[in-house]
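Here is how the chains run, residue by residue.
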Amino acid sequence: MEQFFQQLTNGLAVGGIYALIALGYTMVYGVLKLINFAHGDLFTIGAYLGLTLLTSLGLADRLGPLGAVLLLAVMVMGLVAIIGAMLERIAYRPLRESPRLSAVVSALGASIFFQNAVMLIYGARFRVYPHDILPKIAVNIFGLQIPLIRILMLLTSVLLMVALYLFIQRTKIGTAIRAAAIDQGAARLMGIDVDKVIMIVFLIGPSLGGAAGLMVGLYYGQINFTMGWVYGLKAFTAAILGGIGNIPGAMVGGILLGVIEALGAAYISIAWKDAIAFCVLILILIVRPTGLLGERVAEKV
Amino acid sequence: MLLKLENLHVKYGNVEALHGISLGVGEGEIVTILGANGAGKSTTLMAISGLVKVSEGSILSRNAPLHTLKAHEVVRHGIAQSPEGRRVFGTLTVNENLTLGAFTATDTGRIQKTLAWIYTLFPRLQERCEQMAGTLSGGEQQMLAIGRALMAAPRILLLDEPSLGLAPILVKTIFETIREINRAGVTVVLVEQNARAALKLAHRGYVMEVGRIVLEDTAEALLSNPEVRNAYLGGQAA
Ligand SMILES: Nc1ncnc2c1ncn2[C@@H]1O[C@H](COP(=O)(O)OP(=O)(O)O)[C@@H](O)[C@H]1O
Ligand SMILES: [Mg+2]
């Protein structure tokens, strides 16, 4: 039982990371019908920016561990958001009227560019996060010893997701984003500046991905310039699992994938961890080709 | 003229769809544009709304050029459209669809008043305000598309085939509502396949054929015009 709950909470924490990254894929797909292949690399950039800021600013001494991590998260999210918006401006907007394949190639090119840039700046070897940022303590929950960082991670991803959900569902801009994802032309007829909507999506998605990168750095303690590839693939899987283009779907898909992976690794075989996740994906897509939450209502009647 | 199109040309790729359209719409009028499928009626409305690019000619509203604006800026000049095929946002609620119609508006008091008016025009929409638009019937979706356009409090309402695919009784209701909207001071440009109903409602009309305007007259004159009767009214007397 102890092992089950440890794996479950670990799976939830990792699933939260997948969900945060998956949101970026799904939101961009929603408005542009494009898979932003460079998204995983924005996650990597978040992790490296976190490392740089952490080691160069000495925040922990001045603000204490929690304050430092909070400020760090805000800075990383802001910077990665700016990089995301620049990516859209430079790599995608000029190709808006071109065939779909051009944008896909541009996305792949941007991914290679980011990966190489990180490697040139930080080197190809693993880099280590300072491990004395957050106190290495465990919290007792119903007799279960759960590492504090795991709880913080889970809380942070839930908080970010709730904030995003409220923004998308309750605000005027959020409604405009949903409308533009359904029918860009009709959205324009409403007076919505779709270019602006796309820019906002490229601010939000990458900022969530950047936050996830920082969290992975803090949780596992080491990062590498190729990490975005593995996490990106998992998060992309999660987005498909939940129904690509569907925001709650990306959240559910991410969490589910994290939990399945963790439990699969514990009870079946750690070597089969990734294979299990993809088998689940294939099974779900056979039963529900649109993903778990995809296309609940016919959009064209 | 509230709206004036002069020598308007529009291309899709290399193919020209409009070969120099000129038409005018006066304040308070209902002007209908008739023509067979593919004549270029929707293209004309989309050009006014800024959704297709104008390659030559001009669109002016009270002497302000519209053809140089982006689509979302045209709405701010008081021009709203209910597009062909309705294009409501299916996974958003009726309420959210209507709210989006007022996206450019800032005066919340005005928005509430417009919403109340739309609910008196289409009581059905109020009953279904929390329902997803995609679950509405075709007629209700058409009401929503018109209501959504009205939420912008436009001076000019562009309607593209509002009777498309609706049962005859519903068509009658929709046309009566269009008259009511016009009486409230909204100028209407009405594109229709249902030529007879459109001409009975409109003050003036234009007839389009393959990207050109071939006829322009008062609605009454068009109704009794033998050519129009043969081509668009099934040859019978009005
Ligand atoms: N998106 C488009 N791409 C290419 N050609 C188009 C497009 N929309 C319309 N057309 C062409 O432009 C012409 C006018 O179409 P349209 O304005 O839809 O006519 P109507 O509304 O009068 O039926 C037709 O020949 C049609 O095939
Ligand atoms: Mg048409």
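These numbers were taken from a predicted model, which means no experiment stands behind them.

(A) Structural detail: the coordination of the magnesium ion (ligand 2). All names here are of chain B. The magnesium ion (ligand 2) binds to the protein through S42 (OG) and E84 (OE); the donor distances cover 2.0 to 2.2 Å. Remark: E84 occurs in the loop between β6 (79-82) and α3 (94-101) and S42 occurs in helix α1 (residues 41-49); sequence separation between them is 42 residues. Using a relative accessible area of 31% as the deciding quantity, one classes E84 as partly exposed.

(B) Up close: the packing of helix α3 (residues 59-92) of chain A against helix α4 (residues 100-122) of chain A. Residue and element names in this part refer to chain A. Where α3 contacts α4, the two axes come as close as 10 Å, and the packing angle between them is 135°. Judged by the angle between their axes, α3 and α4 are oblique. Here α3 runs over α4; the crossing is right-handed. Contacts between α3 and α4 pair I83, L87, A91 and Y92 from the former with A103, S106, A107, A110 and F114 from the latter.

(C) Representation of the interface of chain B and chain A within the structure. Contact with chain B, which involves 26 residues of that partner, is made by 22 residues of chain A. Here chain B and chain A share an interface that buries about 2200 Å² over both sides, 68% of which is from carbon and sulfur atoms. In terms of surface lost to chain A, no three residues of chain B exceed B:H72, B:F89 and B:F103, which account for 29% of the buried area on that side. The interface formed by chain B and chain A includes 2 salt bridges. Residue B:R87 pairs with A:D183 through a salt bridge whose shortest N-O separation is 2.8 Å. Between the two partners, chain B and chain A, sit 4 residue pairs in polar contact (both at pLDDT 80 or more). Counting only elements with at least two residues in the side of chain B that touches chain A, the list comes to α2 (71-75), α3 and α6 (138-150) of chain B.

(D) Highlighting the side chain of B:S82. Residues and elements named next belong to chain B. Residue position: S82 is located in strand β6. For S82, the side chain forms a polar contact with the side chain of Q142, separated by 3.4 Å. When neighbours within four sequence positions are excluded, S82 is seen to be in contact with Q142, A145, I146, A149, L158, L159 and D160.

(E) Representation of the pattern of salt bridges. In this structure the tally under the stated criterion is 14 salt bridges over all chains. Across the pair B:E96 and A:R178 runs a salt bridge, and its minimum N-O distance is 2.8 Å. Pair noted here: B:E96 is in helix α3 and A:R178 is in helix α6 (residues 172-182), and the two residues belong to different chains. By the burial criterion, B:E96 is buried, and A:R178 matches it.

(F) Region of interest: the site of ligand 1. Residue and element names in this part refer to chain B. Looking at ligand 1, the residues that line it are Y12, A17, A36, N37, G38, A39, G40, K41, S42 and T43. Separating an oxygen atom of ligand 1 from a backbone N or O atom of K41 is a distance of 2.8 Å. Relative to its unbound accessible area of 560 Å², ligand 1 is 56% covered by the protein chains.

(G) View of unusual backbone geometry. Residues and elements named next belong to chain B. In the Ramachandran plot, R62 falls in the positive-phi region, its phi being about 45° despite a non-glycine side chain. Relative to the helices and strands, R62 resides in the loop between β4 (54-61) and β5 (64-65). A positive phi angle, near 70°, is found at R86, a position not held by glycine. Structurally, the position occupied by R86 is in the loop between β6 and α3.

(H) Summary view of the sheet that holds strand β10 (residues 212-218) of chain B. All names here are of chain B. The 6 strands lie next to each other as β6-β7-β8-β3-β9-β10, forming an open sheet whose pairing is mixed. Each end of this open sheet is capped by a strand with a single partner; those strands are β6 and β10. Taking the axes of each pair of neighbouring strands and ignoring which way they run, one obtains an average angle of 15° across the sheet. The pairing of strand β3 (residues 30-35) with strand β9 (residues 204-209) spans 5 bridges and is classified as parallel. Residue pairing for β9: T32 is matched across the bridge by G205. Where α6 meets the sheet, it contacts β6 and β7 (156-160), and its direction lies at approximately 170° from that of β6.

(I) Summary view of the sheet that holds β4(B). Residue and element names in this part refer to chain B. Spatial strand order, β2-β1-β4-β5: 4 strands in an open sheet with antiparallel pairing. Bordering the open sheet on either side are β2 (15-25) and β5, each of which pairs with just one other strand. Pairing geometry for strand β1 (residues 3-12) and β2, over 8 bridges, is antiparallel. Bridge pairing links L3 to V25 in β2. Strands β1, β2 and β4 of the sheet are contacted by α1, whose axis makes an angle of about 110° with β1.

(J) Fine view of the side chain of B:S163. All names here are of chain B. Looking at the element boundaries, S163 is found in the loop between β7 and α7 (168-183). We classify S163 as buried; its relative accessible area is 10%. At 2.9 Å, the side chain of S163 forms a polar contact with the side chain of E192. Dropping the residues within four chain positions of it, S163 is found in contact with V171, F175, E192 and N194.

(K) Highlighting the packing of aromatic side chains. Residues and elements named next belong to chain A. Considering all chains together, one arrives at 8 aromatic pairs over all chains under this definition. Where Y18 meets Y231, the ring centres are 6.0 Å apart and the plane angle is 55°; that geometry is what we call tilted. With a gap of 213 residues between them, Y18 in helix α1 (residues 2-32) and Y231 in helix α9 (residues 227-242) connect regions that are remote in the sequence. In this structure Y18 comes out as buried when scored by relative accessible area, which is 3%. On the numbers, 5.6 Å between centres and 55° between planes, the contact of Y25 with F236 is tilted.

(L) Representation of the confidence of the model for chain A. All names here are of chain A. Across chain A, the average pLDDT comes to 92, with 98% of residues at or above 70. The secondary structure element of chain A with the lowest average pLDDT is helix α11 (residues 273-287), at 84, and the one with the highest is helix α7 (residues 184-189), at 98. Low pLDDT (under 50) marks residues 296-301, which in the prediction has 11 contacts with non-local residues, meaning those over four places away or in another chain.

(M) Up close: α1(A). Residues and elements named next belong to chain A. With 31 residues, α1 ought to run about 45 Å at 1.5 Å a step, and its terminal C-alpha atoms sit 45 Å apart, in line with that. Burial runs high along α1: 23 of the 31 residues are buried. K33 sits one or two positions beyond α1 and adopts a positive phi of about 50°.

(N) Highlighting the packing of α1(A) against helix α8 (residues 194-220) of chain A. Residue and element names in this part refer to chain A. Where α1 contacts α8, the two axes come as close as 9 Å, and the packing angle between them is 160°. Comparing their axes, α8 and α1 come out roughly antiparallel. Crossing handedness for the pair α1 and α8: left-handed. Its residues assigned to classes, the contact of α1 with α8 shows 20 nonpolar, 4 polar and no charged.

Rules of the game
Each chain has its residues counted from 1, following the order in which its sequence is written. All chains are assigned letters beginning with A, and all ligands numbers beginning with 1, in the order in which they are written. Selection of residues for local features in this predicted model requires a pLDDT of at least 70, selection of side-chain atom pairs for listing and counting requires 80 or more, and totals for whole chains, interfaces and linings are taken over all residues. Excluding hydrogens and water, the side-chain figures rest on all heavy atoms present in the structure. Only nitrogen, oxygen and sulfur atoms qualify as donors, provided they sit within 2.8 Å of the metal or within 3.2 Å for Na, K and Ca; with water excluded from the atoms, sites may seem incomplete. By the criteria applied, helices consist of DSSP H or I runs no shorter than four residues and strands consist of E runs no shorter than two, each listed in order from the N terminus. We call a residue buried when its accessible area falls under 20% of the maximum for its residue type, exposed when it is over 50%, and partly exposed in between, using a 1.4 Å probe and counting protein chains only. Between N-to-C directions, angles cover 0 to 180 degrees, with each direction set by a line fitted to C-alpha atoms, over the stretch in contact for helices. Should an angle lie under 35 degrees it is considered roughly parallel, over 145 roughly antiparallel, and from 65 to 115 roughly perpendicular; all remaining angles are considered oblique. In a left-handed crossing the near helix is turned counterclockwise from the far helix by less than a right angle, and in a right-handed crossing that turn is clockwise. By definition in these notes, contact holds between two residues if any of their heavy atoms fall within 4.5 Å. Here the quantity called buried area is the total loss of accessible area, with a 1.4 Å probe, experienced by two parts when brought into contact, counted for both. The term salt bridge refers to a side-chain nitrogen of Lys or Arg lying within 4 Å of a carboxyl oxygen of Asp or Glu. Pairs of N or O atoms are called polar contacts if they sit within 3.5 Å, as long as, within protein, a hydrogen donor faces a hydrogen acceptor (for residues adjacent in sequence, only side-chain-to-side-chain pairs). Put simply, a residue is near a molecule or strand once any heavy atom of it comes within 4 Å of that molecule or strand. The Shrake-Rupley method, run with a 1.4 Å probe, gives the accessible areas here. Residue values count only the displayed protein chains as cover. When DSSP locates at least two bridges between a pair of strands, those strands are taken to pair. Paired rings are identified among Phe, Tyr and Trp, the last through its six-membered ring, by centres lying within 6.5 Å, and are further divided according to the angle between planes into stacked (under 30 degrees), edge-to-face (over 60) and tilted (the rest). A residue's pLDDT is the confidence the predictor assigns to it, expressed on a 0 to 100 scale. Given a helix with a known number of residues, its expected span is that number minus one, times 1.5 Å. Each residue gets one label: Ala, Val, Leu, Ile, Met, Phe, Trp, Tyr, Cys and Pro are nonpolar, Asp, Glu, Lys and Arg are charged, and the others, such as Gly, are polar.

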